[in-house]
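These are the residues of each chain, in order.
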Amino acid sequence: MSAVVEPTESAPGDAAPAPRAGDARFAAWFDRDYPRIVGVARQVLDAEGATPASLRLAEELTVEAFSRLRWTRRRDDAATTALLCRTLDGCMDALVGHPGVLTVHPELLGPDMDPEPTLRIAELQGALATMRAPDRHVGLLALAAGYPPTGVSVLLLRPLDEVLERLAR
């Protein structure tokens, strides 16, 4: 008796199982939001776009976030915001010990601040690590990525007043 298994042709009635509706909804969600989340993550990781490896890291962090939210039933804006927040949490880990510096967005400067202050990314990561997650997400988007407060408000689906409060912390 031979231990070799030979492939056989499938019968005409044998078809691959039909994709489930949940899989189709997930695929549509992934196709719609993956490029946007990768773009935001890359902006956080490398606002200047100077490091080509930041794109690959942003993609990996986004795929990881999608895999963690794979079985969520929601595919709406709230689910996308949760996905973005998970990705931002991954970005925090990637910024540990980052040697770069960034320029703080002009809208975030106080009246007695230097007109072009710079901030070491590793210091920003250290400061944000001590904050609650919602404050940390706002800080990453506004300070590391350079989004204006109105943009942060739209990305996180939060009122502008709340974003400004979190930035003040």
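Predicted model, so just to flag it, every value in this text is computed and none were measured.

Visitor: Just to check I follow, could you spell out the overall build of the protein for this structure?
Guide: Helices and strands together make up the secondary structure of the protein, namely seven helices and two strands. Of all 169 residues assigned to the protein, the portion counted as buried reaches 34%. Long-range pairs, those at least 24 residues apart, make up 60% of the contacts in the protein with a sequence separation of at least 6. Summed over its atoms, the accessible surface of the protein is roughly 10,600 Å², and 56% of this surface lies on carbon and sulfur atoms.

Visitor: Sorry if this is basic, but what is going on with the pattern of salt bridges here?
Guide: A side chain with one charge can pair with a side chain of the opposite charge if their charged atoms come near. Following the criterion strictly, the structure yields eight salt bridges and no others. Note that aspartate 33 and arginine 32 form a salt bridge whose closest N and O atoms lie 2.7 Å from each other. With its nearest N and O atoms 3.1 Å apart, the salt bridge here joins arginine 166 to glutamate 162. Note that arginine 166 and glutamate 162 are positioned in helix H7 (residues 160–168) at a spacing of four residues, about one turn of the helix.

Visitor: Before we go on, may I ask you to explain unusual backbone geometry in this structure?
Guide: Of all residues except glycine, most have a negative phi; of all peptide bonds, most are trans. The phi dihedral of leucine 157 falls on the positive side, at around 55°, and the residue is not glycine. Relative to the helices and strands, leucine 157 resides in the loop between helix H6 (149–156) and H7. With a relative accessible area of 46%, leucine 157 lands in the partly exposed category.

Visitor: I'm lost on the packing of aromatic side chains in this one. Help?
Guide: For any pair of aromatic rings, the description rests on two quantities: the centre-to-centre distance and the angle between the ring planes. Scanning the model with the defined rule gives six aromatic pairs in all. Ring geometry for phenylalanine 26 and phenylalanine 66: centres 5.9 Å apart, planes at 90°, overall edge-to-face. Taken together, the residues phenylalanine 26 in helix H1 (residues 21–45) and phenylalanine 66 in helix H2 (residues 53–68) connect sequence positions 40 residues apart. When the ring of phenylalanine 30 is compared with that of tyrosine 34, the centres are 4.7 Å apart and the planes differ by 20°; the resulting orientation is stacked. Of the two residues, phenylalanine 30 and tyrosine 34 both sit in helix H1, four residues apart, roughly one turn of that helix. Take tyrosine 34: its relative accessible area is 19%, and that puts it in the buried class. By the ring-pair criterion, three or more aromatic residues cluster together here, those being Phe26, Trp29, Phe30, Tyr34 and Phe66.

Visitor: Looking at this structure, how should I read the side chain of aspartate 46?
Guide: One can find aspartate 46 in the loop between H1 and H2. Arginine 42 provides the closest opposite charge to the buried, unpaired aspartate 46, separated from it by 4.4 Å. Polar side-chain contacts of aspartate 46 include one of 2.6 Å to the backbone nitrogen of threonine 51. In this structure aspartate 46 touches Thr51 and Ser54, once residues within four positions along its chain are discounted.

Visitor: Which parts of the structure should I look at to understand the nonpolar core?
Guide: Considering soluble globular proteins, one finds that nonpolar side chains tend to be buried as a cluster. The biggest cluster of nonpolar side chains holds 37 residues, and the ones touching the most others in it are Val44, Leu140 and Leu141. For this core, the secondary-structure elements that each account for two or more residues are H1, H2, helix H3 (77–94), helix H4 (121–129), helix H5 (133–144) and H6. Excluding residues within four positions of it along the chain, leucine 140 makes contact with Val44, Leu88, Met92, Leu95, Leu128 and Ala145.

Visitor: Explain the side chain of glutamine 125 to me, please; I cannot follow it from the model alone.
Guide: With respect to the helices and strands, glutamine 125 occurs in helix H4. Residue classification places glutamine 125 among the buried positions, given a relative accessible area of 12%. If near-sequence neighbours (up to four positions away) are discounted, glutamine 125 is found in contact with Met92, Leu95 and Val96.

Visitor: I would appreciate a short explanation of H5 in the present structure.
Guide: Of all the twelve residues making up H5, ten are buried; the element is thus mostly covered by neighbouring parts of the structure. Within H5, burial applies to Asp135, Arg136, His137, Val138, Gly139, Leu140, Leu141, Ala142, Leu143 and Ala144.

Conventions we followed
- Residues numbered from 1 in each chain as written.
- Predicted model: local features only at pLDDT ≥ 70, side-chain atom pairs only at ≥ 80, totals over all residues.
- Heavy atoms only, no water.
- Helix = DSSP H or I, 4+ residues; strand = E, 2+ residues; numbered from the N terminus.
- Buried < 20%, exposed > 50% of the residue type's maximum accessible area, 1.4 Å probe, protein only.
- Contact = heavy atoms within 4.5 Å.
- Areas by Shrake-Rupley, 256 points an atom, 1.4 Å probe, with all protein chains shown as cover.
- Salt bridge = Lys/Arg side-chain N within 4 Å of Asp/Glu carboxyl O.
- Phe/Tyr/Trp six-rings, centres within 6.5 Å; stacked < 30°, edge-to-face > 60°.
- Lys, Arg positive; Asp, Glu negative; His and termini not counted.
- Polar contact = N/O pair within 3.5 Å; in protein donor to acceptor, adjacent residues only side chain to side chain.
- Core = buried A, V, L, I, M, F, W, Y, C linked by side-chain atoms within 4.5 Å.

Note that every value here comes from positions in space, so none of it alone points to a role or purpose.
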